[in-house]
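If you want the building blocks of each chain, they are given just below.
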Amino acid sequence: MTNFVKELQWRGMLHDAMPGTEEHLLEGMQSAYVGIDPTADSLHIGHLVGVMMLRHFQLAGHKPYALIGGATGMIGDPSGKSTERNLLDEKTLRHNQNALKEQLSRFLDFSGDEENAAVLVNNYDWMKDFSFLEFIRDVGKHITVNYMMSKDSVKKRLSSEAKEGMSFTEFTYQLVQGYDFLHLYREHNCSLQMGGSDQWGNITTGTELIRRIAGGKGYALTCPLITKADGTKFGKTEGGNVWLDAERTSPYKFYQYWLNTSDDDANKYIKIFTFLGQQEIEDLIKEHAEAPHLRILQKRLADEITVMVHSKDDLDNAERASQILFGKSTASDLKGLNEKTFLEIFDGVPQAELSKSELTEGLDMIGALAAKTSFLGSNGEARRELKQNSISVNKEKVKEEFLITADDLINDKFVLLQRGKKNYFVLVFN
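Residues numbered from 1 in each chain as written. Predicted model: local features only at pLDDT ≥ 70, side-chain atom pairs only at ≥ 80, totals over all residues. Heavy atoms only, no water.

Further remarks concern unusual backbone geometry. Residue asparagine 189 is not a glycine yet carries a positive backbone phi of 55 degrees. By the secondary structure assignment, asparagine 189 is in the loop between α10 (173-188) and β5 (190-196). Located in the positive-phi region is lysine 395, a residue other than glycine, with phi close to 75 degrees. Inspection of the secondary structure puts lysine 395 in the loop between β11 (391-393) and β12 (396-397). (Helix = DSSP H or I, 4+ residues; strand = E, 2+ residues; numbered from the N terminus.)

Structure follows, in structure tokens:
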């Protein structure tokens, strides 16, 4: 056994732990769980801290449980939210559960051979046949309204600053989550629940139910809520969440998100979102401090997490795509991009649509630059730029006599024009 709590501490992943938690985990193999919201068929990077905690827990020799909140997903957790979430039907929840397990298997070992193999459970399986009367009789009577009202998640929603009040459905959330802990304690000897610091109230309700109903001892451990140094929300871009599913967030955009983190954030994230050892991370931080312009921390962070979530091939493709904008690349590099990645790289770059018939005899450069597009202001400007050797087609310098043909098409559709280093224009042929 290794010391799980100490591992979290040096990584900056420990916010609070119930007294005795560290000692309890050092007694032998224990079981712990983290609840995961199943309201989408993909995790996003906001889920990753909890998943990394489970992985560290397993690496320390303990048994991790990933709990898909099928029942609680039908209610909506009030913690950290100002409005209720949409409720889901069972078919959607089952689909989401299967998709999430596949993603979790990239982090957790679910193979049944090891004693501490990870287990996926869904609280819908034990809540679906629980009648309302049974629940309030067997669970509700053990927790007072005063106790429930004292939780921060409830107080915030009931404060004068909240735009909306809290429904009875949401008010019962902490009881349902508390019962999950009790159920896992009884059925799987699960003695620890982990989560974000905003979950402390819900987790301790579970420890209280274990004490009052089962006469046992449950433990609570939370990690800090991840923030960005500039105050903006972690895991969000202008396009929304950064997802682990490649169809929702491409490996290129995923890679770019981590590559573009600030120095302060990279210093923090490389401890949280990689499994690199303490000495290696300290060496990287020192190396980065000596030459911050090389962005050593950001590069290593982006490399590690892209391979972990996607694959080495996806990382290689993302690096090649990045080089197209920021480094030396060739026409063959461009032609190796799929259409989605090409459009993401050149998102926001001006475009002009032309007919493919223009390519039959070849499109001349004056037409491509000015006469048939709005890239340059006039034919005269186009000629001057060509004479100054500042125009490229698909990253390769061209002269005025060059003709664009179907052989130059990227994905049978695009041609990339460039003036100097930073001025791009995309021709779209339909």
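Before going further, it helps to examine the sheet that holds strand β6 (residues 219-223). The six strands are arranged β1-β6-β5-β2-β3-β4 in an open sheet whose pairing can be described as mixed. Edge positions in the sheet fall to β1 (16-17) and β4 (119-122), since each of these pairs with one other strand and no more. Bridge count between strand β2 (residues 31-36) and strand β3 (residues 63-68): six bridges; the pairing is parallel. If you follow alanine 32 over to β3, its bridge partner there is proline 64. Of the strands in this sheet, β2, β3 and β4 are in contact with helix α4 (residues 90-104), which crosses β4 at around 160 degrees. (Pairing = 2+ DSSP bridges. Contact = heavy atoms within 4.5 Å. Axes fitted to C-alpha atoms, helices over the stretch in contact; angles between N-to-C directions.)

Once the domains are mapped, the protein shows domain 1 (4-223), domain 2 (236-327) and domain 3 (342-429). When each unit is reduced to the centre of its C-alpha atoms, the spacing between domain 1 and domain 2 is 29 Å. Residue-level contacts link 19 residues of domain 1 with 24 residues of domain 2. Roughly 1,800 Å² of surface becomes buried between domain 1 and domain 2 when both sides are summed, with 68% attributable to carbon and sulfur atoms. It is Trp10, Arg11 and Ile45 in domain 1 that bury the most area against domain 2; as a group they hold 34% of the surface buried on that side. Summed over the shared surface of domain 1 and domain 2, the number is one salt bridge. Between arginine 248 and aspartate 41 there is a salt bridge; the shortest N-O distance is 2.8 Å. (Domains from an automatic or database assignment. Buried area = accessible area lost by both parts, 1.4 Å probe. Salt bridge = Lys/Arg side-chain N within 4 Å of Asp/Glu carboxyl O.)

Looking now at the UniProt feature "domain: Tyrosine--tRNA ligase SYY-like C-terminal" (unreviewed entry) in the protein. Annotation from UniProt places "domain: Tyrosine--tRNA ligase SYY-like C-terminal" (unreviewed entry) at residues 344-426. Overall, residues 344-426 shows 22% helix and 28% strand. The separation of its end C-alpha atoms is 12 Å. (UniProt positions renumbered as here; feature names shortened; annotations may be inferred.)

Interhelical geometry of α10 versus helix α11 (residues 200-214) gives an angle of 55 degrees and a closest axis separation of 7 Å. Judged by the inter-axis angle, α10 sits oblique to α11. In terms of crossing hand, the pair formed by α10 and α11 is right-handed. Facing α10, whose interface residues are Tyr173, Gln174, Leu175, Gln177, Gly178, Tyr179, Phe181, Leu182, Tyr185 and Arg186, α11 presents Asn202, Ile203, Thr205, Gly206, Thr207, Leu209, Ile210, Ile213 and Ala214. In the contact of α10 with α11, the residues fall into 11 nonpolar, seven polar and one charged. (Parallel < 35°, antiparallel > 145°, perpendicular 65-115°, else oblique. Left-handed = near helix turned anticlockwise from the far one by under 90°. Nonpolar A, V, L, I, M, F, W, Y, C, P; charged D, E, K, R; others polar.)

Turning our eyes to something else, we now look at the sheet that holds β11. Spatial ordering of the open sheet is given by β9-β15-β14-β11-β12, a layout of five strands whose pairing is mixed. Edge strands, defined here as strands with exactly one partner in the open sheet, are β9 (351-354) and β12. As paired strands, strand β14 (residues 414-419) and strand β15 (residues 423-429) are joined by six bridges and run antiparallel to one another. Note that in β15 the partner of arginine 419 across the bridge is asparagine 423.

So, on to the pattern of salt bridges. Per the counting criterion, the structure on display carries 18 salt bridges. Ionic pairing is found between arginine 211 and glutamate 208, a salt bridge with its closest N-O pair at 2.6 Å. In this pair, arginine 211 and glutamate 208 are both assigned in helix α11, three residues apart and thus about one turn of the helix distant. Sharing partners across several salt bridges, the network here consists of Glu208, Arg211 and Arg212.

This brings us to the environment of tyrosine 424. Along the chain, tyrosine 424 falls in strand β15. Separated by 32 residues in sequence, tyrosine 424 and serine 392 have C-alpha atoms that sit 9.4 Å apart. Not counting the four nearest positions on each side in its chain, tyrosine 424 is found in contact with Ile324, Leu325, Phe346, Val349, Pro350, Phe375, Lys395, Leu416, Leu417 and Gln418. Of the polar contacts made by the side chain of tyrosine 424, one reaches the side chain of lysine 395; its length is 2.9 Å. (Polar contact = N/O pair within 3.5 Å; in protein donor to acceptor, adjacent residues only side chain to side chain.)

Before going further, it helps to examine a nonpolar patch on the surface. Together, Phe132, Leu133, Ile136 and Phe168 make up an exposed nonpolar region whose accessible area comes to about 460 Å². A total of three residues in the nonpolar patch trace back to one element, the largest contributor, which is helix α6 (residues 132-138). Inspection of the secondary structure puts leucine 133 in helix α6. Taking relative accessible area as the criterion, leucine 133 reaches 64% and is therefore assigned exposed. (Patch = residues over 30% accessible without salt bridge, like charges linked within 9 Å, V, L, I, M, F, W, Y side chains within 5 Å. Areas by Shrake-Rupley, 256 points an atom, 1.4 Å probe, with all protein chains shown as cover. Buried < 20%, exposed > 50% of the residue type's maximum accessible area, 1.4 Å probe, protein only.)

All right, on to the environment of threonine 274 then. Tracing the chain through its elements places threonine 274 in the loop between α13 (263-272) and α14 (278-290). Distance in space between the C-alpha atoms of threonine 274 and alanine 302 is 9.6 Å, their sequence separation being 28 residues. Ignoring any residue separated from it by four or fewer positions in sequence, one finds threonine 274 in contact with Arg11, Met52, Tyr269, Ile281, Leu301 and Glu304. A polar contact of 2.6 Å, which involves the side chain of threonine 274, links it to the backbone oxygen of isoleucine 270.

Applying the stated criterion to the full structure yields 18 aromatic pairs. Their ring planes at 75 degrees and their centres at 6.3 Å tell us that phenylalanine 135 and tyrosine 179 sit as a pair that is edge-to-face. Of this pair, phenylalanine 135 sits in helix α6 while tyrosine 179 is found in helix α10, placing the two residues 44 residues apart along the sequence. Chaining the aromatic ring pairs together yields one cluster made of Phe234, Phe254, Tyr257, Trp258, Tyr269 and Phe273. Here the basic side chain of lysine 101 rests over the ring of phenylalanine 110, its NZ or CZ set 5.2 Å away from the ring centre. One residue, lysine 217, lies across the ring of tyrosine 219, its end atom 5.3 Å from the ring centre. (Phe/Tyr/Trp six-rings, centres within 6.5 Å; stacked < 30°, edge-to-face > 60°. Lys NZ or Arg CZ within 6 Å of the ring centre and 35° of its normal.)

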